[in-house]
Each structure stands twice: as structure tokens, then as C-alpha cells.
Amino acid sequence: MAVPIPQHSHCIICGKAIPYGEKFCSEKCKKEYENMVKKRKIYIYLMYLALAILVIMMFMNYFPH
Ligand SMILES: [Zn+2]
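Description of the structure in this document. (Residues numbered from 1 in each chain as written. Predicted model: local features only at pLDDT ≥ 70, side-chain atom pairs only at ≥ 80, totals over all residues. Heavy atoms only, no water.)

**What about the coordination of the zinc ion?**
Alright, step 1. In the first shell of the zinc ion, the protein supplies Cys-11 (SG), Cys-14 (SG), Cys-25 (SG) and Cys-29 (SG), at 2.2 to 2.3 Å from the metal.
Alright, step 2. If you look at the zinc ion, its four donor atoms make angles of 105 to 120 degrees with each other, and the shape they trace is tetrahedral.
Alright, step 3. All donors of the zinc ion belong to a single chain; written as a sequence motif, their spacing is C-x2-C-x10-C-x3-C. Of the two residues, Cys-11 sits in the loop between β1 (8-10) and β2 (17-19) while Cys-25 sits in the loop between β2 and α1 (27-62), which places them 14 residues apart along the sequence.
Alright, step 4. The class of Cys-11 is buried, set by a relative accessible area of 3%. (Donors = N, O, S within 2.8 Å, 3.2 Å for Na, K, Ca; no water. Tetrahedral: all angles 85-135°; square planar, octahedral: opposite > 155°, others 65-115°. Helix = DSSP H or I, 4+ residues; strand = E, 2+ residues; numbered from the N terminus. Buried < 20%, exposed > 50% of the residue type's maximum accessible area, 1.4 Å probe, protein only.)

The following block contains the structure:
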């Protein structure tokens, strides 16, 4: 007879089984996740910056002075 597995979650970083409703197994994984999110945010800002520079360059070509 199969033992019913209590409802549980998995740590987003290492995949370890953790109590249901939790996201991380430890502070270390939580910090790792926060670092990952921070890096992704910086990457998105850089993308916008590159796009803005591209648009400015296009405008400068469009309106020569
Ligand atoms: Zn973990």
C-alpha cells in the first residue's frame, strides 16, 4: 500500500523537498535566488539602456546638424 505523500513544495534553487508553501530550503538558497533576480534586473536595465542609445543614435542620423 502506497504511503500518501504529504503536500509539499520543492526549493526553487536546489529542488529539495520542503514544507508546502515554502520556497527555499535554507537562507543560503534564498540569498542565491535574490542574487539571481538582482542580476536579471540589471540585465533588463542594460537592455533598455542599449535600446535607448540605439533610438538616440537613429534620431541623430535622422536630424543631422
Ligand atoms: Zn535549496
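**Concerning a nonpolar patch on the surface**
Alright, step 1. The grouping of Tyr-43, Ile-44, Met-47, Tyr-48, Leu-51, Leu-54, Val-55, Met-58, Phe-59, Tyr-62 and Phe-63 at the surface amounts to a nonpolar patch, some 1,300 Å² of accessible area in total.
Alright, step 2. Along the chain, Tyr-62 turns up in helix α1.
Alright, step 3. By relative accessible area, which is 63% here, Tyr-62 ends up exposed. (Patch = residues over 30% accessible without salt bridge, like charges linked within 9 Å, V, L, I, M, F, W, Y side chains within 5 Å. Areas by Shrake-Rupley, 256 points an atom, 1.4 Å probe, with all protein chains shown as cover. Salt bridge = Lys/Arg side-chain N within 4 Å of Asp/Glu carboxyl O.)

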